[in-house]
Amino acid sequence: MAIDDAGRCVSADIAAGLPPAAALFHSLADETRLRIVARLARGEARVVDLTGELGLAQSTVSKHLACLRDCGLVDYRAEGRQSFYSLTRPELMDLLASAEQLLSATGHAVTLCPMPGLAAQPRPS
């Protein structure tokens, strides 16, 4: 479950008819969440580890970890008073590697699809 710009959870969007694949990519559309996922691909980490390594506020890391947990992509194990976060789906890294290959093959020319009512973004030449 990701939080969109309107403050809604993607799971609410799924209930309203958004396909699950769109919800997955929506949850991965945030740079901070991608940075957290990339770090967790190297091994489990605590919130304090992530804040230090990524240079983010504790509240920011916690919010994004909660989103990734709600999506089922991240989970944690408790050890005493500490929580150690890790990826639940290692194949997520295969998906992201495929995305990098696609971007490399297109010369990073992939642009955002225009939103209804907004002017189309020009494609780089």
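Residues numbered from 1 in each chain as written. Predicted model: local features only at pLDDT ≥ 70, side-chain atom pairs only at ≥ 80, totals over all residues. Heavy atoms only, no water.

Draft legend 1. Inspection of the overall build of the chain at higher detail. For the chain, the count of helices and strands is six helices and two strands. The N-to-C order of helical and strand elements in the chain reads α-α-α-α-α-β-β-α. Residue burial in the chain is summarised as follows: out of 125 residues, 25% are buried. Taking all contacts inside the chain whose residues are at least 6 apart in sequence as the whole, residues at least 24 apart take part in 43%. In the form shown here, the chain has an accessible surface area of approximately 8,200 Å², with 56% of it arising from carbon and sulfur atoms. (Helix = DSSP H or I, 4+ residues; strand = E, 2+ residues; numbered from the N terminus. Buried < 20%, exposed > 50% of the residue type's maximum accessible area, 1.4 Å probe, protein only. Contact = heavy atoms within 4.5 Å. Areas by Shrake-Rupley, 256 points an atom, 1.4 Å probe, with all protein chains shown as cover.)

Draft legend 2. A look at the pattern of salt bridges. Taken as a whole and assessed by the stated rule, the structure comprises seven salt bridges. Two residues, arginine 77 and glutamate 44, come together in a salt bridge whose shortest N-O distance is 2.5 Å. In this pair, arginine 77 sits in strand β1 (residues 74-79) while glutamate 44 sits in the loop between α3 (31-40) and α4 (47-54), placing the two residues 33 residues apart along the sequence. Arginine 77 is the partner of glutamate 79 in a salt bridge, and the nearest nitrogen-oxygen pair spans 2.7 Å. A relative accessible area of 36% places arginine 77 in the partly exposed class. The structure contains a network of salt bridges with shared partners spanning Arg39, Arg42 and Glu53. (Salt bridge = Lys/Arg side-chain N within 4 Å of Asp/Glu carboxyl O.)

Draft legend 3. Quick peek at the pairing of strand β2 (residues 82-87). Taken together, the six bridges between β1 and β2 define a ladder with antiparallel strand orientation. The partner of tyrosine 76 across the bridge, within β2, is tyrosine 85. The turn joining β1 and β2, which pair antiparallel and follow one another in sequence, is formed by two residues; a positive phi near 65° is taken by glycine 80. (Pairing = 2+ DSSP bridges.)

Draft legend 4. Representation of the packing of aromatic side chains in the model. Enumeration according to the criterion identifies one aromatic pair in this entry. With centroids separated by 5.6 Å and ring planes inclined at 45°, the aromatic side chains of tyrosine 76 and tyrosine 85 adopt a geometry described as tilted. Of the residues examined, tyrosine 76 reaches a relative accessible area of 36% and is grouped as partly exposed. By relative accessible area, which is 12% here, tyrosine 85 ends up buried. Sitting over the ring of phenylalanine 84, arginine 77 keeps its end group 4.5 Å from the ring centre. (Phe/Tyr/Trp six-rings, centres within 6.5 Å; stacked < 30°, edge-to-face > 60°. Lys NZ or Arg CZ within 6 Å of the ring centre and 35° of its normal.)

Draft legend 5. Region of the structure containing the side chain of threonine 32. Here threonine 32 lies in helix α3. Those residues in contact with threonine 32 that sit more than four places away from it in its chain are Leu56, Thr60 and His64.

Draft legend 6. Main features of the environment of serine 83. In this fold, serine 83 is placed in strand β2. For serine 83, a relative accessible area of 25% puts it in the partly exposed group. As a C-alpha pair, serine 83 and valine 47 span 36 residues in sequence and 7.7 Å in three-dimensional space.

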